[in-house]
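Survey of secondary and tertiary structure
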Amino acid sequence: MGTVAVFGTVFVDCKGFAQKAYNPQGRNLGHIEFFHGGVARNVAENLAHLGVGVRFVSTVDESALAEDVCSRLREAGVDMQCVPAVGRGMGMWLAVLGADGELLGSISQMPDLTALSELVQEQGTALLEKTQHVVLELDLNAALTLRVLELAAEQGVPVHGIPGNLSVILEKPDILPRLASFICNDVEAGRLLKRELSVLAPEEIAEALRIYADAQGLRSMVITLGARGAVYYDAVHQEMGYQPVFKTDVVDSTGAGDAFFSGAVYGLAAGKTLGQAVVCGTQVAAWTIACAENTCPDLPKRKGYSALFRK
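Residues numbered from 1 in each chain as written. Predicted model: local features only at pLDDT ≥ 70, side-chain atom pairs only at ≥ 80, totals over all residues. Heavy atoms only, no water.

1. Some details on the layout of surface pockets
Where empty space is left becomes clear once a probe the size of a water molecule has been rolled over the atoms. Which entries qualify depends on this criterion: Cavities and pockets are found on a 1 Å grid laid over the protein atoms alone: a cavity is a set of points where a 1.4 Å probe fits but cannot escape, a pocket is an open set with protein on both sides within 12 Å along at least five of seven lines, and a lining residue has an atom within 4 Å of such a point. Grid points are joined across faces, edges and corners, and a volume is the space filled by probe spheres set on the points. Helical segments are the DSSP runs of H or I of at least four residues, strand segments are the runs of E of at least two, and each set is numbered from the N terminus. Only Asp, Glu, Lys and Arg are considered charged, only Ala, Val, Leu, Ile, Met, Phe, Trp, Tyr, Cys and Pro nonpolar, and every remaining residue, Gly among them, polar.
Quantified by volume, the largest pocket comes out at close to 1,500 Å³. Lining the largest pocket are 50 residues, with Asn 185, Ser 253, Thr 254, Ala 256 and Gly 257 positioned closest to its centre. Only strand 2 (11-18), helix 1 (39-49), strand 7 (103-109), strand 10 (181-185), helix 6 (186-193), helix 8 (256-269) and helix 9 (274-289) provide two or more residues apiece to the lining of the largest pocket. Element by element, the count of residues in the lining of the largest pocket is highest for helix 8, at 5 residues. Among the residues making up the lining of the largest pocket, the classes are represented as 23 nonpolar, 18 polar and 9 charged.

In structure tokens, the structure reads:
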């Protein structure tokens, strides 16, 4: 399967869990916890737990909490040699969740990307040595995103893109055809397709996805639909389909998208078709939303019991 280089950010997530129905204008009893987060950090940990060799390219700050973040990733098997500690190197994410685990609102504080940009600029070619796949958090900034794509193209390494807030993609939509795969949720996809996808049936969304991907020159794209599952389209192999969710008890849904992406990239890196990779993503997402953390702590054990992840 080889090594996957993951480019992106580290966040610390502050989550408030409402005890009863959440009232945005009133006081809400519940409990508050801190978790390691960030799109790329979550994906790096997930992939390592799935048995993938991971090289993380990011930054952290110079705090004890950052040391804890790095220690956990090392224990998971992530190569942390390209994660320097710098001022404001980590972001913060504040989230409010309802009694049923659904995300009700959030605020993000981005880290300073200066050090990460310098790292990629100065050591970019070396960072991709002996790397078979790249995972790229697309909303870092346009210059950094484009530089990683250029380096990957020079090395002939496929890039799998995951959005953070869609800002870079909306600014430079020509990025998408340069990706081997692009995975986003229905809200993000609705902004790209300029359609309200929540009112469409999955089969209609899949057809809209095919039309959009062909018009834009995308190679493959997946749209996650929350509790409705996911649709996918591979223009290269002319594969299109719909994958329902696996039923589970939802504890915290905030890591679902990153978990789905991780499982799908695992499948693609293992040589599976896009449809098979989407099944892997659906399973990892189901395992993850059944626990309170952004990643599933017992993912290695669960993976070992599942035929989906056997070589």
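2. Some remarks on the sheet that holds strand 6 (residues 91-97)
Rules: Two strands form a pair only when DSSP identifies at least two bridges running between them. Lines are fitted to the C-alpha atoms to define the axes, a helix being fitted only along its stretch in contact, and any angle between axes, read from their N-to-C directions, falls within 0 to 180 degrees.
Taking strand neighbours across the sheet as the criterion, the 4 strands line up as 3-2-6-7 in an open arrangement whose pairing is mixed. With one partner strand each, in any of the chains shown, strand 3 (30-37) and strand 7 form the two edges of the open sheet. Recorded for the sheet is a direction-independent mean angle of 15° between the axes of neighbouring strands. Relative to strand 7, strand 6 runs antiparallel, the two being bridged by 6 bridges.

3. Here's the deal with the environment of Gly 101
Rules: Two residues form a contact once any of their heavy atoms are found within 4.5 Å.
On the secondary structure map, Gly 101 appears in the loop between strand 6 and strand 7. On a C-alpha basis, the gap between Gly 101 and Ile 289 in space is 8.5 Å, while along the polypeptide they are 188 residues apart. Each residue touching Gly 101, except ones within four places of it in the same chain, is listed here: Val 251, Asp 252 and Ser 253.

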